[in-house]
Amino acid sequence: MFFLPTLGENFGHVIIEALGAGTPALISDRTPWRDFDRAGCGWIMPLGNAQLFADRIDSLFEEEPRVSEGRRAAAIDYARRFEDDSGVVDANRKLFLRAMRRSLS
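What counts, and where the lines are drawn
Residues numbered from 1 in each chain as written. Predicted model: local features only at pLDDT ≥ 70, side-chain atom pairs only at ≥ 80, totals over all residues. Heavy atoms only, no water. Buried < 20%, exposed > 50% of the residue type's maximum accessible area, 1.4 Å probe, protein only. Helix = DSSP H or I, 4+ residues; strand = E, 2+ residues; numbered from the N terminus. Pairing = 2+ DSSP bridges. Arc of directions from axis to C-beta. Contact = heavy atoms within 4.5 Å. Phe/Tyr/Trp six-rings, centres within 6.5 Å; stacked < 30°, edge-to-face > 60°. Polar contact = N/O pair within 3.5 Å; in protein donor to acceptor, adjacent residues only side chain to side chain.

**Examining the pairing of strand 2 (residues 25–28)**
Of the two faces of strand 2, the one lined by Ala25 and Ile27 and the one lined by Leu26 and Ser28 are each fully buried. Pairing analysis gives 3 bridges linking strand 1 (residues 2–4) to strand 2, with the strands arranged parallel. Bridge assignment links Leu4 to a residue of strand 2, and that residue is Ile27. With 4 bridges connecting them, strand 2 and strand 3 (residues 42–45) associate as parallel partners.

**Topic: the environment of Ser105**
Relative to the helices and strands, Ser105 resides in the segment after helix 5 (86–104). Judged by relative accessible area, which is 80%, Ser105 ranks as exposed. Between the C-alpha atom of Ser105 and that of Arg71, which follows or precedes it by 34 residues, the distance is 44 Å.

**Some remarks on helix 1 (residues 13–20)**
Residues of helix 1 that are buried: Ile15, Ile16, Ala18 and Leu19. Taken around the axis of helix 1, the buried residues stretch over an arc of 155°, which confines them to a single face. Contact partners of the buried residues in helix 1: strand 1, strand 2, helix 2 (36–39) and helix 4 (65–83). Gly22 occupies a position one or two residues after helix 1 and carries a positive phi of about 80°.

**What to know about the packing of aromatic side chains**
Per the stated rule, a full pass over the model turns up 7 aromatic pairs. With centroids separated by 5.9 Å and ring planes inclined at 40°, the aromatic side chains of Phe11 and Phe82 adopt a geometry described as tilted. Taken together, the residues span a long stretch of sequence, with Phe11 in the loop between strand 1 and helix 1 and Phe82 in helix 4 at a distance of 71 residues. Ring geometry for Trp33 and Tyr78: centres 6.2 Å apart, planes at 55°, overall tilted. Here the residue Trp33 occupies a position in the loop between strand 2 and helix 2, and Tyr78 occupies one in helix 4, the gap between them amounting to 45 residues. Take Trp33 and Tyr78: they sit in the same class, and that class is buried. The structure contains a cluster of three or more aromatic residues connected by ring pairs, namely Phe11, Trp33, Phe36, Tyr78 and Phe82.

**Concerning the environment of Tyr78**
Overall, Tyr78 belongs to the buried group, its relative accessible area being 8%. A C-alpha to C-alpha distance of 7.1 Å links Tyr78 and Ala39, two positions 39 residues apart in sequence. Dropping the residues within four chain positions of it, Tyr78 is found in contact with Ile16, Leu19, Trp33, Asp35, Phe36, Ala39 and Cys41. At 2.6 Å, the side chain of Tyr78 and the side chain of Asp35 are in polar contact.

Next up, the structure:
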């Protein structure tokens, strides 16, 4: 599991990298990501409730191997679908180009 209880992310590139490596993600609700539960590739928890994070982590120790293997496959599938979306690629390219232009000016 990739654990990122961040205070805020405008995208969270490390999150998609973790998913692409087959690592389900447990993240805060302070990112643009919203559909991990439905996709079966991770969990999004409200940052203000540390107990929810702790409970989710504890539950993973009791999870059947076939469930965790399915979640790992779902993480890879989610990342592949995301990375194949040309709109996402274009949006990220524009984001980085804007950042480079700002740093050069």
